[in-house]
Amino acid sequence: MNLSKGQSSFLRMASRRGVDPGDFGDYVPEIKSQEKTPDTTKPTIAYLHTGGTLMMVPSTGDQGALSFEGATDINAALDICNTVAHVRRRYNIVGIHLANLDSIEVGPAHWSAMAAAIQTIYDKVQGVVIGHGTHTAEYSAAALAYALRNPSKPIVFTASQIPLIGYPGSDAIGNLTGAMEIAANGDLAEVVAYANGVIHRGTRMRKVNDSRLQVFDSPITGPLGHFGAGGIELVPGARKRAGKMDHDLKYLPRFAKHVSTIKYTPGMDREMIGENIAQAGNVGIIFETPGSGAIPSSYVPILSAHAEKGFAVMLTSAATQSGISTGMVLHDEAAIQAYKSGVRTAGDMTTGAASVKLMSVLGNSPNASLDEVNHEMVGKSYSGEISVKKGTEDY
């Protein structure tokens, strides 16, 4: 498999506006087929390694202390995959080693790199599995859903709370094998996350637990499906492979970095959303409100001034079961004033999905007007991230 052209395009991608290649260095992902002569009777899927607990390997240091080292290269990643007999027996694996990071270190440059690496092998595989840490998986999954729009196959994030190697009964085994089965044979054509038997849409999920195995949830929409003894079961709204072609993929891998997400708390210093935001070079603000989008009257002049200068200002809700709508906000007098200035609500998007979407919109449409940005944010659904009411002017 000759992938040198794709590997070089990866670095060119990282240098475009919105992605600072210095954040990711000069590293080109390693890409390697598991078999020199793949078995044509088995589905071929890509495994893209970014790091996380799933592929950590315990080791004992000089002082006898237990430490963990992840898959430091593509051979290590493939070797760990192959410890699971089900994986070795059922699939041809194309391995991609992008990074070996705690996911708290993963950001916009890595999202662009993931998208570029997947595009390189996209037409050669039936699906893609991405090994990722749990901490920021909801951001990376949303980013890939915006960067690789209208896919024709499953792109499946998976993670674990317990390493695969050295821990009998680890959730990593079931999560990895389930993700690979969904990627190979699932009738899905979107970016999803899979863990503990549950399939989540990439733009709707959140991390909800740091110790129990049910690590993710989709609080507003519910899960996209399940995988278990009955096979892969999907809800009616899941996007299917049927009729989708590889060339229909829309590749938009740029992300503007200067978007700030701020959570309102009573008594917070208003200067947190004041001139300091503009001086830091920000071009967008996600402001998480406590509930229906209501904001203190003293904040209105500050947020309105940002919008009047052309900043995109979006209100999200900490109420994870509902989100907010323009109709709800327009019952609040202070919010009405902000709305007239160009401040908008992010509907029922999660705060994470809204922040990454704003980075995507600004990164891929750097010359868009505020009205155009607002329309892209809440007047369009790219990957099921927002419920858009047709025929309304909710933006």
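Here we summarise the structure given alongside this text.

The rules we used
- Residues numbered from 1 in each chain as written.
- Predicted model: local features only at pLDDT ≥ 70, side-chain atom pairs only at ≥ 80, totals over all residues.
- Heavy atoms only, no water.
- Phe/Tyr/Trp six-rings, centres within 6.5 Å; stacked < 30°, edge-to-face > 60°.
- Helix = DSSP H or I, 4+ residues; strand = E, 2+ residues; numbered from the N terminus.
- Buried < 20%, exposed > 50% of the residue type's maximum accessible area, 1.4 Å probe, protein only.
- Contact = heavy atoms within 4.5 Å.
- Core = buried A, V, L, I, M, F, W, Y, C linked by side-chain atoms within 4.5 Å.
- Pairing = 2+ DSSP bridges.
- Axes fitted to C-alpha atoms, helices over the stretch in contact; angles between N-to-C directions.
- Parallel < 35°, antiparallel > 145°, perpendicular 65-115°, else oblique.
- Left-handed = near helix turned anticlockwise from the far one by under 90°.
- Salt bridge = Lys/Arg side-chain N within 4 Å of Asp/Glu carboxyl O.

## Points about the packing of aromatic side chains
Okay, so step 1: Under the defined criterion, the tally for this structure stands at six aromatic pairs.
Okay, so step 2: With centroids separated by 6.1 Å and ring planes inclined at 70 degrees, the aromatic side chains of Y194 and F227 adopt a geometry described as edge-to-face. Here the residue Y194 occupies a position in strand 9 (residues 191–195), and F227 occupies one in strand 13 (residues 225–228), the gap between them amounting to 33 residues.
Okay, so step 3: Its relative accessible area of 4% is what places Y194 among the buried residues.
Okay, so step 4: Aromatic side chains F287 and Y299 sit 6.0 Å apart centroid to centroid with 35 degrees between the ring planes, which places their arrangement in the tilted category. Of the two residues, F287 is situated in strand 17 (residues 284–289) and Y299 in the loop between strand 17 and helix 8 (300–308); the sequence distance between them amounts to twelve residues. Considered together, F287 and Y299 belong to a single accessibility category, that of buried residues.

## Concerning the environment of Q337
Okay, so step 1: As for its placement among the helices and strands, Q337 is situated in helix 10 (residues 333–341).
Okay, so step 2: Separated by 34 residues in the primary sequence, Q337 and L303 have C-alpha atoms spaced 10.0 Å apart.
Okay, so step 3: With residues up to four places along the chain from it excluded, the contact list for Q337 reads V300 and S304.

## Quick look at the nonpolar core
Okay, so step 1: One finds M114, I118, I130, L144 and F287 to be the most contacted residues of the largest nonpolar core, which totals 76 residues.
Okay, so step 2: Contact partners of I118, with chain neighbours within four places excluded, come to L48, V128, I130, L144, L148 and I155.
Okay, so step 3: I80, I93, V129 and A183 belong to the second largest nonpolar core, which has 30 residues in total.

## Details of the sheet that holds strand 17
Adjacent strands of a sheet form backbone hydrogen bonds with each other and so pair up, either parallel or antiparallel.
Okay, so step 1: Ordered by their spatial adjacency, four strands build an open sheet running 16-17-18-19, and the pairing between neighbours is parallel. Of all strands in the sheet, those bounded by a partner on one side alone are strand 16 (259–263) and strand 19 (344–345).
Okay, so step 2: The pairing of strand 16 with strand 17 spans five bridges and is classified as parallel. By the bridge assignment, K263 is partnered in strand 17 with E288.
Okay, so step 3: Along the sheet face, helix 8 touches strand 17 and strand 18 (312–317) and points at about 135 degrees away from the line of strand 18.

## With respect to the packing of helix 4 (residues 108–121) against helix 5 (residues 137–147)
Okay, so step 1: Relative orientation of the contacting elements helix 4 and helix 5 amounts to 50 degrees, with a least axis distance of 9 Å. Here helix 4 is positioned oblique relative to helix 5, judged by the angle of their axes. Every pair of crossing elements has a handedness; the one defined by helix 4 and helix 5 is right-handed. Two secondary-structure elements touch here, helix 4 through W111, M114, A115 and I118 and helix 5 through Y139, S140, A143, L144 and A147.

## So, the pattern of salt bridges
Okay, so step 1: Evaluated as defined, the whole model comprises eight salt bridges.
Okay, so step 2: Put simply, R90 and E181 hold a salt bridge, and the shortest N to O gap is 3.1 Å. One end of the pair, R90, is in helix 3 (residues 85–90); the other, E181, is in helix 6 (residues 171–185), and 91 residues separate them in sequence.
Okay, so step 3: A relative accessible area of 35% means that R90 is categorised as partly exposed.
Okay, so step 4: Here E288 and K263 are joined by a salt bridge, their closest N and O atoms 2.7 Å apart. Within this pair, whereas E288 is found in strand 17, its partner K263 is found in strand 16, the two being separated by 25 residues in sequence.
Okay, so step 5: Owing to a relative accessible area of 10%, E288 belongs among the buried residues under this scheme.

Note that all results are geometric; they support no functional claim without further evidence.
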